[in-house]
Amino acid sequence: MTAPTLPIYLDHAATTPCDPRVVEAMLPYFTEIFGNPGSRNHQFGWKAEEAVDKAREQVAALIGANEKEVIFTSGSTESNNLALRGGAIMYEKAPANSGKPRGHIITNAIEHKAVLDPCKRLQKEGFDVTFLEPGPDGIITAAMVQEAMRADTILVSIMWANNELGVINDIPQIGALCKSRDVLFHTDATQWVGKMPTDVEAAGIDLLSLSSHKMYGPKGVGALFVRRRKPRVRLTPLVDGGGQERGFRSGTLNVSGIVGLGKAAEIAKAEMAAEGARLLVMRRRLEETITAQLDSTQINGHREKRLPHITNISFGFVEGESLMMACKEIACSSGSACTSASLEPSYVLKTLGVGDELAHSSLRLSLGRWTTDAQIDYTIDKIITAVRKLRTLSPLYDMHKEGIDLSKVEWAHH
Ligand SMILES: *Cc1c(COP(=O)(O)O)cnc(C)c1O
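Definitions and limits used
- Residues numbered from 1 in each chain as written.
- Predicted model: local features only at pLDDT ≥ 70, side-chain atom pairs only at ≥ 80, totals over all residues.
- Heavy atoms only, no water.
- Near = heavy atom within 4 Å.
- Polar contact = N/O pair within 3.5 Å; in protein donor to acceptor, adjacent residues only side chain to side chain.
- Nonpolar A, V, L, I, M, F, W, Y, C, P; charged D, E, K, R; others polar.
- Helix = DSSP H or I, 4+ residues; strand = E, 2+ residues; numbered from the N terminus.
- Buried < 20%, exposed > 50% of the residue type's maximum accessible area, 1.4 Å probe, protein only.
- Contact = heavy atoms within 4.5 Å.
- Expected span 1.5 Å × (residues − 1).
- Bend = angle between axes of the 7 residues up to and from the residue.
- Pairing = 2+ DSSP bridges.
- Axes fitted to C-alpha atoms, helices over the stretch in contact; angles between N-to-C directions.
- Patch = residues over 30% accessible without salt bridge, like charges linked within 9 Å, V, L, I, M, F, W, Y side chains within 5 Å.
- Areas by Shrake-Rupley, 256 points an atom, 1.4 Å probe, with all protein chains shown as cover.
- Salt bridge = Lys/Arg side-chain N within 4 Å of Asp/Glu carboxyl O.
- Lys, Arg positive; Asp, Glu negative; His and termini not counted.
- Charge placed at Lys NZ, Arg CZ, Asp CG, Glu CD.
- Phe/Tyr/Trp six-rings, centres within 6.5 Å; stacked < 30°, edge-to-face > 60°.

**Quick word on the site of the ligand**
Taken together, the residues surrounding the ligand are Gly-75, Ser-76, Thr-77, His-112, Met-159, Asn-163, Asp-188, Thr-190, Gln-191, Ser-211, His-213 and Lys-214. Taking Thr-77, its side chain carries an N or O atom lying 2.6 Å from an oxygen atom of the ligand. In this structure, Ser-211 approaches the ligand through a side-chain N or O atom, which is 2.6 Å from an oxygen atom. The residue makeup of the shell around the ligand, split by class, is one nonpolar, nine polar and two charged.

Below, the structure written as structure tokens:
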């Protein structure tokens, strides 16, 4: 097998390259078909509107929605903010400054920051928020949500699949629970949509966020599914203006971006089954070879309930930064989050009970549409070599190999 070109991109959970078919579909909308879809009086506007309508159908078809239920946004961050803030404020049980909680929201401690931070802001503004903590498998179940429900619960927001681990929550069961209690149900499905079959009806979802650049479309565009019947969901808009997108999201539409998202959705719908199967075989080989060749490694999160293309592996007895340096030809994410000055261990791994040291020496590898067997071979080889080499420098690893239980060692304090 020929050696792959370096560096190798294994960070598809962070963003994906645009599919060339997507770029091709977008190009006419920068120059020839440049109209404003809001211009109702001439052909330029009509052509643009036609393109947006088609994209709306393509996105709706991907998630089992009606096209009228698709609201275009700038991405999942905005979709999440609109769903959470717009939903909480619209459905509040008591007005602000009344001294009573404005309403209760249930979410998950290992959501993306684009859910956690809007929830924290709502908390400051008088809503009660429960952040459910999953166990070591990283999964939120309907039973956990049920236990947290209160008489004043107005909104549940649980991600479909986690971006750091790939683990999949019990979304249809949580959807059914919310339906039975008449509670609004939002899911951040950014990592799920376009990779796995999605049916907002069957899963009882009222609000769903998705993003183009996580599914081989352009950056800066996404959508929010807003249910129109049973129930007809209302939201307080975040942005007021020209009343586009049924008044939920004013502003001239990003026509070329929306066309790109539509095309990406069409391709994903047609190809996700074969693509998922192919990536699962490669990911299994990656995981199985690495864990067979290296002791003291662990795969984080539930072993089965996971997206086919994401893995998160912790390597004991190596130092995180050294590992990243040794593997710099492999573009992936570490278990450290760069805050302003220091390296913080990932809050996701921390919540799962992974220790700080081990969190720092963890890698999230996420495969994608153009990942090859040769790239996986190279990656396996590189990681195994790097970890073995770093461990030769580790006195702790020597002690571990000699059978010393490191948790029982009494260290001298200086
Ligand atoms: C990437 C990501 C987001 C943010 O999406 P943008 O479109 O980049 O704003 C939100 N949630 C999850 C789970 C993600 O993976």
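**Concerning the environment of Thr-190**
Here Thr-190 is to be found in the loop between strand S6 (184-188) and strand S7 (207-211). Looking at Thr-190, the relative accessible area reads 8%, which means it is buried. Here the alpha-carbon distance between Thr-190 and Ser-212, two residues 22 residues apart in the chain, equals 8.6 Å. Those residues within four positions of Thr-190 in sequence are excluded, and the remaining contacts are Ser-76, Ser-209, Leu-210, Ser-211 and Lys-214. A distance of 2.7 Å separates polar atoms of two side chains, one belonging to Thr-190 and the other to Ser-76. Among the polar contacts made by the side chain of Thr-190, one reaches the side chain of Asp-188 at a distance of 2.4 Å.

**A few points about helix H7 (residues 255-293)**
The end-to-end C-alpha separation of H7 is 50 Å, well short of the 57 Å expected for 39 residues at 1.5 Å each. The largest bend along H7 reaches roughly 60° and is located at Glu-271.

**Side note on the sheet that holds strand S10 (residues 310-315)**
In spatial order, the strands read S9-S10-S15-S12; together these four strands make up an open sheet with antiparallel pairing. Unpaired on one side and paired on the other, strand S9 (297-299) and strand S12 (333-334) mark the two borders of the sheet. Strand direction decides the pairing type here: S12 and strand S15 (residues 362-366), joined by two bridges, are antiparallel. Bridged to Ser-334 within S15 is Leu-363. Set on the sheet, H7 makes contact with S9, S10 and S15; between it and S10 the angle comes to about 10°.

**Thoughts on a positive patch on the surface**
A surface patch of positive charge is lined by Lys-113, Lys-120, Arg-121 and Lys-124. Structurally, Lys-113 is set in helix H4 (residues 113-124).

**Topic: the environment of Phe-44**
With respect to the helices and strands, Phe-44 occurs in helix H2 (residues 43-63). Residue classification places Phe-44 among the partly exposed positions, given a relative accessible area of 47%. Spatially, the C-alpha atoms of Phe-44 and Ile-33 are 6.7 Å apart, while their sequence positions differ by eleven residues. Leaving out residues up to four positions away in the same chain, Phe-44 has contacts with Phe-34 and Gly-35.

**Here we look at the side chain of Glu-287**
Its place among the elements puts Glu-287 in helix H7. With residues near it in sequence (within four places) discarded, Glu-287 still touches Ile-299, Arg-303, Arg-306 and Thr-311.

**Concerning the packing of aromatic side chains**
Within the structure shown, the criterion is met by four aromatic pairs. Arranged with centres 4.6 Å apart and planes meeting at 10°, the rings of Trp-160 and Trp-192 form a pair that is stacked. You can see Trp-160 sitting in the loop between strand S5 (153-157) and helix H6 (171-181) and its partner Trp-192 sitting in the loop between S6 and S7, a full 32 residues away along the chain. We note that Trp-160, like Trp-192, is buried. With centroids separated by 5.6 Å and ring planes inclined at 85°, the aromatic side chains of Tyr-216 and Trp-370 adopt a geometry described as edge-to-face.

**Here's the deal with the sheet that holds S7**
As summarised here, the arrangement of the seven strands in space is S2-S8-S7-S6-S5-S3-S4, forming an open sheet in which the pairing is mixed. Both edges of this open sheet fall to strand S2 (70-73) and strand S4 (128-132), since each of them pairs with a single strand only. Strand-to-strand twist of the sheet, defined as the mean angle between neighbouring strand axes without regard to direction, takes the value 20°. Strand direction decides the pairing type here: S2 and strand S8 (residues 222-226), joined by four bridges, are antiparallel. Looking across to S8, one finds that Thr-73 is bridged to Gly-222. Across the sheet, H2 is in contact with S2, S7 and S8; its angle to S2 comes to roughly 115°.

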